[in-house]
Structure formats: structure tokens, C-alpha cells
Amino acid sequence: MTAIPQERRVVTAIPGPKSVELQARRLAAVAAGVGSTLPVFTARAGGGIIEDVDGNRLIDFGSGIAVTSVGASAEAVVRRASAQLADFTHTCFMVTPYEGYVEVCEQLAELTPGDHAKKSALFNSGAEAVENAVKIARAYTKRTAVVVFDHGYHGRTNLTMGMTAKNMPYKQGFGPFAPEVYRVPVAYGYRWPTGAQNAGAEASAQAIDEITKQIGADNVAAIVIEPVLGEGGFIEPAKGFLPAIAQFAKDNGIVFVADEIQSGFCRTGQWFACEDEGIVPDLITTAKGIAGGLPLSAVTGRAEIMDAAHAGGLGGTYGGNPVACAGALGAIETMRELDLNGKAKRIEEVMKGRLAEMRAKLPNGDIIGDIRGRGAMIAIELVRSGTKDPDPAAAAQLAKACHAEGVLVLTCGTYGNVLRFLPPLVIGEELLNEGLDVIEQAFAGV
């Protein structure tokens, strides 16, 4: 495969005529409920570039929602997955197993926090991993309640919709949802009533009080939280919050689950975001960045907890597919070889520096209410000038302006007012800065 030139190129309107034609076919054949951020149809992608069918090259600040951290056509992923394709595509690990699955589980035991004995089970998607983490926690504790947090996102299956905080577009009209899911406050520093400096202590005390009084700690099987809340707006819980919740779980025999589906595998400049405050979760769920773009997810955790489910109680036809496992081993090889944790930290340095400059020098810079995130998981929260009122229209406008100029950005946030940046960790610094130039120019139209 020839490498894609790592340069932005806009040769047609975006979307271009071939994409428009494909979009018409799509509307006739694909269910309307399946959305797209930007209807440009991809022909090739790699490094920090997505090339569309019209020959436009877009700078990729989305990574397929934090999936293609090693790039969308990483050499080691392609090499290993291609070799596996030639050998066999599937046997079902529950019928006749294969080494790749075992090897991925060994790597997960080595890479995830904590030096205790660990085991893993592999699945297809993030939602499946979360659902299975809950099953395992319930089997281990013999309890039923699950605690989640404001602004959390955990998936689109029935149980994980119930665990997800945001109604539109994830839950609207799809209920009733699975019972025994309880939501408590999170330390959202930027919006904490008494200020960010108090958020960690106050939010953890409030959450623990609600769990104790409203649910009963003895009834809780699992507390599930994203160490950096993704869809909710790239919210980093204020310092002290996660350690307090993890300690409460430990003191009460509750399984503490870190949902690292968006934040894991070097995305935040560490293998896993929970390492930032030294959290060692009982279970950790991973997906997205794990396999370089192939569908794979995992639940990894303390061996005694993972072994609580009866034989045959965990699985699924495609879980730990051999081609996806080969891709994961290629992705992990790439992360180690290129020091993608170091790359993510450098991306943070560049992006936060440039975004802070924009806020300081742009005439409308004060609409950037908050700049936050870690590594290559960075966001700006947009507000109405002089207030903290969410401004989703500004986020949509900025995204649209960036798209027109060939930079793919995504929005998120409970209020829809957050512009999030998830560049591939292998993006070149020149391309990164060019993408930031386009973002800066886009502010002129807001």
C-alpha cells in the first residue's frame, strides 16, 4: 500500500460530487437512525489524514472516535491481520481456541494497572465489555445494583443505555431500560457550584452519601466510571474524586470498574487514564484503541473476580476474533515501538498551548469557557460570552467551518457544546499545527 501524503488538500466542495452521489445511495439503503458527522466517503486513511473519494485530504482530529490511535492503516496492524486472514478468519474461541486470544489476554495482564494476578475475556464492542463487566461483578458479589455517574457514557445496548446519562440521541424512545442502575454526581470542576477547587471532595462526599442512603452499599455490585468522561464532554473528574470513590468501593466490597474504552491505550499519555491518580481498578474495560480499527474489546481484572462467572457464562460467537486479536497485537507493538504515550503528551503540550493562545488573543476568545483533557484527548467547552451558559450552536458552527476547510473535528458533551480533539497519536506535528490554524480561522465566523 502506498503511503498517503500527509498534507491537507481541498480540491472540491466538502462533501464533493462523488460523496454526494454515494450519500444518495446511502439514504436509500441505510437506516436513517445511523448518523454521520460528515458525509464524505473515505477512500484511504493513514497517519493523520483521511482521503475521500473525491481526492480531498482531511486532517483527522477524530481517529474514528479514538479508535485509530496508531493510524488507520498501521503497518504492524495490517501485516499481522493480513497474515491471520490467510490462515483462518474464525473458529469461535469457545469451540476451538487459538493462541492470538491468549496472547492479547497476556498483554492486557501486563499493561493494565496493578501487579495482582489478572485474567481477561474478549468481546466485540465497548458496550459488550461494559455489560460483561457488570455480569462478572454481579456473579462475584452476589449483589445487583450498579452505580454510574452524571455525564457518563457506557454504550447503546439495553443495560448500557440505562447506564448512560445523556438522553438524546442515545436513549430517546428506546426504553424501558434495565433496572438496578443508579446515577450519582461527578466532580465536573468547570461547573461545580462552589468552584473546581472544592469539586473533588464535595462531589465524592455527595456521591458516597447518595449511594449509602438511597441504595445501600451492601446492595452495590459495581461502581462504573470513565476516568475521563468521554461523550459527556471530556470531563476530568477533579483531583481526589476517583481515589475517594475507589476507596469507598474497596471498603464496602464493591467492584470498582474503570471504563477505559475511549481513554485507554496511550490516548491520555499513559497506557490507561486511571493511572493518573494511581487508581488500580478491580476491573477495566477496553475497546476502541485496542486493535487499530478492528472490532475488539476486553474486560480485564482481578483473577478471582474474573473467575466468578460459571464456565460458559461469558462468551459470544465473535468475541476475540482471531483477525481482531492479530490487529491488537500489531497495535500494541506500534504503541511500544513509537512510544505513543510520549507522542500523546507532546500533542497535549501543542494543543493546549495553541488553544490557550486562541482564548487570549481572539476577539471572541472568551467563548472558550474551558480547555481540558489529557494527552491526545483534548476539548474546549464553548459558552455564551461572559457567562457559563452552554453554547451548542457555536460548537456546531465551529465544527462545520473546520469541515469545510478539510479538518475533521467532533463535538460532544451533555449540552452539545464541547469541541473534542482526538488526533491519531502518530500525527505529524506540522499537520497538527495546520489543523489548529484552521480551528483558529474558524473562530472568525462564530
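For the structure given in this document, a descriptive report is provided here. Source: prediction; values computed, not measured. (Residues numbered from 1 in each chain as written. Predicted model: local features only at pLDDT ≥ 70, side-chain atom pairs only at ≥ 80, totals over all residues. Heavy atoms only, no water.)

**Observations concerning the overall build of the protein chain**
What counts, and what does not: In this text, helices come from DSSP runs of H or I with a minimum length of four residues, and strands from runs of E with a minimum of two, each type numbered from the N-terminal end. When we talk radius of gyration, it's over C-alpha atoms, and the globule rule is simply 2.2 Å times the number of residues to the 0.38. Note on classification: 1.4 Å probe, protein chains only; a residue is buried when its accessible area is under 20% of the maximum for its type, exposed when over 50%, partly exposed between these limits. The contact criterion used is simple: two residues touch if any of their non-hydrogen atoms lie within 4.5 Å. Per-residue and other accessible areas follow the Shrake-Rupley method at a 1.4 Å probe size, with only the shown protein chains counted as cover for residues. Lys and Arg are tallied as positive, Asp and Glu as negative. Neither His nor the chain termini are counted. Where a charge lies is defined by one atom per residue type, namely NZ (Lys), CZ (Arg), CG (Asp) and CD (Glu).
Of regular secondary structure, the protein chain possesses 13 helices and 15 strands. Taking 22 Å as the expected radius of gyration for a compact globule of 446 residues, we find that the protein chain reaches 21 Å, a close match to that expectation. In terms of overall dimensions, the protein chain has a C-alpha envelope of 60 × 60 × 45 Å along the principal axes. Counting over 446 residues, the protein chain shows a buried share of 55%. Looking at the protein chain alone, contacts between residues at least 24 apart form 73% of all its contacts between residues at least 6 apart. Of the roughly 17,900 Å² that the protein chain leaves accessible, carbon and sulfur atoms contribute 54%. Both charge centroids of the protein chain, one from 40 positive and one from 50 negative side chains, sit 3 Å from each other.

**Let's talk about helix α13 (residues 429–442)**
In an α-helix, one turn spans 3.6 residues; hence positions three or four apart end up facing the same way. Applicable threshold: Here a helix's expected span is defined as the number of its residues, less one, multiplied by 1.5 Å.
The end-to-end C-alpha distance of α13 is 20 Å, a good match for the 20 Å that 14 residues give at a rise of 1.5 Å each. Taken as a whole, α13 has its buried residues at Leu431, Leu432, Gly435, Leu436, Val438, Ile439, Glu440 and Ala442. Packed against the buried residues of α13 are β2 (49–52), β3 (57–60), α11 (340–361), α12 (392–404), β13 (407–408) and β15 (418–421).

**Some points on the sheet that holds strand β7 (residues 220–225)**
Defined as follows: When DSSP finds two or more bridges between a pair of strands, those strands are recorded as paired. Axes here mean lines fitted to C-alpha atoms, for a helix over just the part in contact, with angles spanning 0 to 180 degrees between N-to-C directions.
Ordered by their spatial adjacency, seven strands build an open sheet running β4-β10-β9-β8-β7-β5-β6, and the pairing between neighbours is mixed. Looking along the sheet, the strands with just one partner apiece sit at the ends: β4 (118–123) and β6 (181–184). Pairwise comparison of adjacent strand axes, ignoring direction, gives a mean angle of 20° for this sheet. With four bridges joining them, strand β9 (residues 283–286) and strand β10 (residues 297–302) adopt antiparallel strand pairing. Bridged to Leu283 within β10 is Gly301. Sitting on the sheet, helix α8 (residues 241–251) is in contact with β5 (145–149), β7 and β8 (255–259), with an inclination near 165° to β7.

**Quick notes on the nonpolar core**
We count it as follows: Buried residues of nine kinds, namely Ala, Val, Leu, Ile, Met, Phe, Trp, Tyr and Cys, make up a nonpolar core once their side-chain atoms join them within 4.5 Å.
Ranked by size, the top nonpolar core spans 120 residues in total, and within it Phe61, Ile223, Leu382, Phe421 and Phe443 carry the most contacts. Not counting the four nearest positions on each side in its chain, Phe421 is found in contact with Phe61, Phe234, Met351, Leu355, Ala376, Met377, Ile378, Ala379, Ile380, Val409 and Ile439.

**Considerations on the packing of aromatic side chains**
What counts is decided by this rule: Only rings of Phe, Tyr and Trp enter the pairing, Trp through its six-membered ring, and a pair is recorded when the two centres are within 6.5 Å. The plane angle decides the type: under 30 degrees is stacked, over 60 is edge-to-face, the rest tilted.
Per the counting criterion, the structure on display carries nine aromatic pairs. Consider the rings of Phe88 and Tyr98, whose centres lie 5.8 Å apart with planes at 65°: the pair is edge-to-face. Here Phe88 is found in the loop between α3 (75–87) and α4 (99–111), whereas its partner Tyr98 is found in the loop between α3 and α4, with ten residues between them in sequence. With centroids separated by 5.8 Å and ring planes inclined at 80°, the aromatic side chains of Phe149 and Phe241 adopt a geometry described as edge-to-face.

**Considering the environment of Ala221**
Its location among the elements puts Ala221 in strand β7. Along the sequence, Ala221 and Phe256 sit 35 residues apart, while their C-alpha atoms lie 8.8 Å from each other. Sequence-distant contacts of Ala221, that is, excluding residues within four places in its chain, are made with Ala137, Arg138, Thr141, Arg143, Thr144, Ala145, Ile254 and Val255.

**Thoughts on the sheet that holds β15**
Spatially, β11-β12-β15-β14 is the arrangement adopted by the four strands of the open sheet, whose pairing is antiparallel. Edge positions in the sheet fall to β11 (368–374) and β14 (410–412), since each of these pairs with one other strand and no more. The average undirected angle you get between the axes of adjacent strands in this sheet is 25°. Pairing between β14 and β15: three bridges, direction antiparallel.

**A few points about the side chain of Glu51**
Following the sequence through the fold, Glu51 ends up in strand β2. Under the relative-accessibility criterion, Glu51 is labelled buried at 11%. Not counting the four nearest positions on each side in its chain, Glu51 is found in contact with Ile4, Phe41, Thr42, Ala43, Arg44, Asn56 and Arg57.

**Remarks on the side chain of Asn56**
Heads up, the rule is: N or O atoms within 3.5 Å of each other form a polar contact, as long as, within protein, one can give a hydrogen and the other can take it, and as long as residues adjacent in sequence are counted only when both atoms are side-chain atoms.
Among the structural elements, Asn56 can be located in the loop between β2 and β3. In this structure the side chain of Asn56 is engaged in a polar contact, spanning 2.6 Å, whose partner is the backbone nitrogen of Val11.

**As for the pattern of salt bridges**
Short version of the rule: When a carboxyl oxygen of Asp or Glu lies within 4 Å of a side-chain nitrogen of Lys or Arg, that pair is called a salt bridge.
Within the structure shown, the criterion is met by 24 salt bridges. A salt bridge links Asp209 to Lys213; its shortest N-O distance comes to 2.6 Å. In this pair, Asp209 and Lys213 both sit in helix α7 (residues 196–215), four residues apart, roughly one turn of the helix. Looking at Asp209, the relative accessible area reads 38%, which means it is partly exposed.

**Concerning the pairing of β5**
Filter applied, for reference: By convention a crossover is right-handed if, when the strands point away from the viewer, the path from the first strand over the helix to the second runs clockwise.
Counting buried residues along β5, five of its five residues qualify, which places the element largely inside the surrounding structure. Where burial is concerned, the two faces of β5 agree: the one with Ala145, Val147 and Phe149 and the one with Val146 and Val148 are both buried. Of the strand pairs in this sheet, β5 and β7 are connected by three bridges, and their pairing is parallel. Its bridge partner being in β7, Val146 is matched across the sheet by Ala222. When β5 meets β6, the two strands line up parallel, connected through four bridges. Its bridge partner lying in β6, Phe149 is registered against Val184. Chirality of the crossover, the property in question, places the unit of β5, helix α6 (residues 158–163) and β6 among those that are right-handed.

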